[in-house]
Amino acid sequence: MNRHKIYSLIAGLACFLTLIILGTRITTTVATAAPAQNQAVTYNTTTLAGKVASVNGTAGLQIRFSAFIEQEADTSDLAVNPNPDVPITPTFVLSSALDGAAIAAPAVTVNQDFSGAPQNETAIAVDPNNPNRVVAAANDYVTRTWTCTISGTPCSALGEGYSGTYYSNDGGATWCCASNLDGSNLGTVIPGVEHLTGGQYDAGGDPAVAFDSRGHVYYAGLGFDRTAAPNTVAVNKGTFDGAGKLTWGPPAFINQTTSPSTANDKEWIAVDSNATSPFRDRVYVTWTRFIFNPRNGRYVQSPIAVAHSSDGGQTFSDPELIVGNVLYGQGSRPVVGPDGTVYVFWDGSTRLAALNSIWMVKSIDGGNSWSKPVAISQLVDIIPIANTAFRVNSFPAAAVAPNGDLYVNWSSLVNNTTGGLCSSRTNIGCHSAALYSKSTDGGGTWSTPALVFPALDTSNRTASGYPVTQPNGNLLNAPAARPVDTFFTAVAISPSGRVYMSGYAADIVSPWQTCATPASPTAVGRINCLALGPYINNARLDYAVADLTNGITELVTTHPINSRYGFGGGFFGDYSDIAVGSDGVFHAFWTDTNNQQTVVWWYGFQFAPTKTNQQDVVTARDNF
């Protein structure tokens, strides 16, 4: 491990006497209290867990931290292995005969590890000058499988959620690269953010990628500590050499902080790749700034911030809050129009709003000033999909057509009978529906929300694998009919104006046998089950792509996805993505679990080689 040093944490002192970090430009007054919270409760916001608890403890708030941060806040997986050289032989490994053993063509596995590391939260971009050059990114836990040691400690115990990227020079048919299990080569893991890649933070992830007009690619992600306050937004610039090899430069850090009263979350990146734009190749990054009362740790607000770079991501402008009085927000998404206008969309609400809305602001001067927020549509933020356990959200995705038309999509809970917004956040009588809206006047007015997948929305789930005999001898029969839930939407528009939208569809329901007694600690119990439990109903997913131009919808997955693999079924990521090249070919990119891989090292624990399904990131390309 000579090439990868463990850097000591940079400890900084910052006393925040106001609720907004000093140096932040504010476009409107933000002295607004948070929604109701138990005034007797205090929170230790020096840790991720304390910050998550503070937000989740705020009554009436639909906004939450990203699922990635919530997963990283759970430290039950951290434990010292007293016998790291003694392999564990699992008693049971949860599985289902209904699941695949390998991703089938024409779908392609993008990540290149085969050692059981999970990957999730997909982002993808195509070089506007070369449709064969595609860059993808995901949360990548590959260092949790590394076989090396540092001062006697397994590298897999020191690894964390990392920022993985992958690239293709043949239009997505094949992908590069894998890191070495001995840690001697990073592959395309982003350098300079997390410890094992030469950085100062415990963990990182939440990936987003975008190309400029000259063929450079930019990665945006988070860096943070799980049990301490430091956190940041990070941007790395990638360059291809003449042979097509991608090399990532060092990170530029935005809004670095050591303050317990601030947390950066859910960033996204956009680059003005329009060669004729007055702001050509300007880089825009938006994120959520969670703010907490420094005295008691209670959640105050979570406005959206933006910073931009005009020197290729080397330096960024001071962060600016752009939300007006929409102070409770999450899931921002910047996009750039053909004339250089920048639009930012997010899910959020004002102080007294009964419901969240999808909001938009724009800048016509390269991010120097911003419009007032426009509410596109109200929504009811979705809850975990029926018969699943993973965390979900209603974050928007957006794109701009060559003629300047704007498209945004999101998911909302809607009534099964009327199709209108659900009156409460429940899966009883309601389901998650992917919706979209369009603007032809630069975001001034928006069309009535329409279904992204109308045929799926009017269909019921298909039951498969029933009945099944429970351990006690009873039968588990198929559940009652339920509409298909659609969520984690994405959108991309081709140079010719074809509008592609994509997302997951929970269109299958099957039995899944639970674990009654998982091994301890949690990380070991994710693989080793000591005693099996009863069967439950389990929704399985397909990934769908719709072409709004011709009305065609296609399932691009080759086998239904079982979300129960990885992280106990509780974390599947926060989003999926789709991109389209100058050739009109779309590249859909999602998290899948139909590969079986062999686990040996995991969170510092060694296993007898054990086959298990795991989360991988998978793509499909087509042009209908």
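Preceding block: the structure.
The model shown is predicted, which means the values in this text are computed figures rather than measured ones. (Residues numbered from 1 in each chain as written. Predicted model: local features only at pLDDT ≥ 70, side-chain atom pairs only at ≥ 80, totals over all residues. Heavy atoms only, no water.)

A. Examining the overall build of the protein more closely. Broken down by element type, the protein carries five helices and 36 strands. The C-alpha radius of gyration of the protein comes to 23 Å, within 12% of the 25 Å expected for a compact globule of 624 residues. By principal-axis analysis of the C-alpha atoms, the protein measures approximately 65 × 60 × 60 Å. Burial status across the protein gives 62% buried among its 624 residues. Of the contacts made within the protein by residues no fewer than 6 positions apart, 66% connect residues no fewer than 24 positions apart. Roughly 21700 Å² of accessible area belongs to the protein as shown, and the carbon and sulfur atoms make up 52% of that amount. Mean positive and mean negative side-chain charge positions of the protein (32 and 44 charges, respectively) differ by 5 Å. (Helix = DSSP H or I, 4+ residues; strand = E, 2+ residues; numbered from the N terminus. Rg over C-alpha atoms; globule rule 2.2 N^0.38 Å. Buried < 20%, exposed > 50% of the residue type's maximum accessible area, 1.4 Å probe, protein only. Contact = heavy atoms within 4.5 Å. Areas by Shrake-Rupley, 256 points an atom, 1.4 Å probe, with all protein chains shown as cover. Lys, Arg positive; Asp, Glu negative; His and termini not counted. Charge placed at Lys NZ, Arg CZ, Asp CG, Glu CD.)

B. Just the pairing of strand S29 (residues 485-493), in detail. The element S29 is largely enclosed, with a buried count of nine among its nine residues. Taken together, the seven bridges between S29 and strand S30 (residues 499-518) define a ladder with antiparallel strand orientation. When the bridges of S30 are listed, Asp-485 appears paired with Ala-506. Between S29 and S30, which pair antiparallel and follow one another directly, the connecting turn spans five residues, one of which, Gly-497, has a positive phi of 100°. (Pairing = 2+ DSSP bridges.)

C. Focus on the sheet that holds strand S25 (residues 450-451). Here we have four strands laid out as an open sheet, ordered S22-S23-S24-S25, and antiparallel in their pairing. Among the strands making up the open sheet, the edge pair consists of strand S22 (397-400) and S25. The sheet contact formed by strand S24 (residues 430-439) and S25 spans two bridges and is antiparallel. Bridge pairing in S25 links Leu-435 to Leu-451.

D. Representation of the state of the cysteines in the model. Summed over all chains, the structure comprises four disulfides. Across the disulfide from Cys-176 sits Cys-177; the S-S distance is 1.3 Å. Negative torsions about the S-S bond denote left-handed disulfides, and the value of about 45° found for Cys-176 with Cys-177 makes this one right-handed. A relative accessible area of 22% places Cys-176 in the partly exposed class. Put simply, Cys-422 and Cys-430 are joined by a disulfide, and their sulfur atoms are 1.8 Å apart. Across the disulfide from Cys-422 to Cys-430, rotation about the S-S bond amounts to roughly 70°, and the bridge is consequently right-handed. (Disulfide = S-S within 2.5 Å.)

E. Local environment of the packing of aromatic side chains. The full count for this structure, using the stated rule, is 27 aromatic pairs. For the ring pair Phe-68 and Phe-224, a centre distance of 5.7 Å and an interplane angle of 75° mean the geometry is edge-to-face. Of this pair, Phe-68 sits in helix H2 (residues 67-73) while Phe-224 sits in strand S9 (residues 217-224); the two residues are 156 residues apart in sequence, bridging distant segments of the chain. For the residue pair Phe-68 and Phe-224, the accessibility class agrees, reading buried in each case. Taking 5.4 Å as the distance between ring centres and 85° as the angle between the ring planes, the aromatic pair formed by Trp-512 and Tyr-565 counts as edge-to-face. Taken together, the residues Trp-512 in strand S30 and Tyr-565 in the loop between strand S33 (561-562) and strand S34 (577-580) connect sequence positions 53 residues apart. On the accessibility criterion, Tyr-565 (3% relative accessible area) is buried. Aromatic ring contacts, followed pair by pair, group Phe-390, Phe-487, Phe-488, Tyr-504, Tyr-543, Phe-572 and Trp-590 into a single cluster. For the cation-ring pair, Arg-144 lies above Tyr-603, with the distance from its terminal atom to the ring centre recorded as 3.6 Å. Across from the ring centre of Trp-268, 3.7 Å away, lies the NZ or CZ of Arg-333, which sits over that ring. (Phe/Tyr/Trp six-rings, centres within 6.5 Å; stacked < 30°, edge-to-face > 60°. Lys NZ or Arg CZ within 6 Å of the ring centre and 35° of its normal.)

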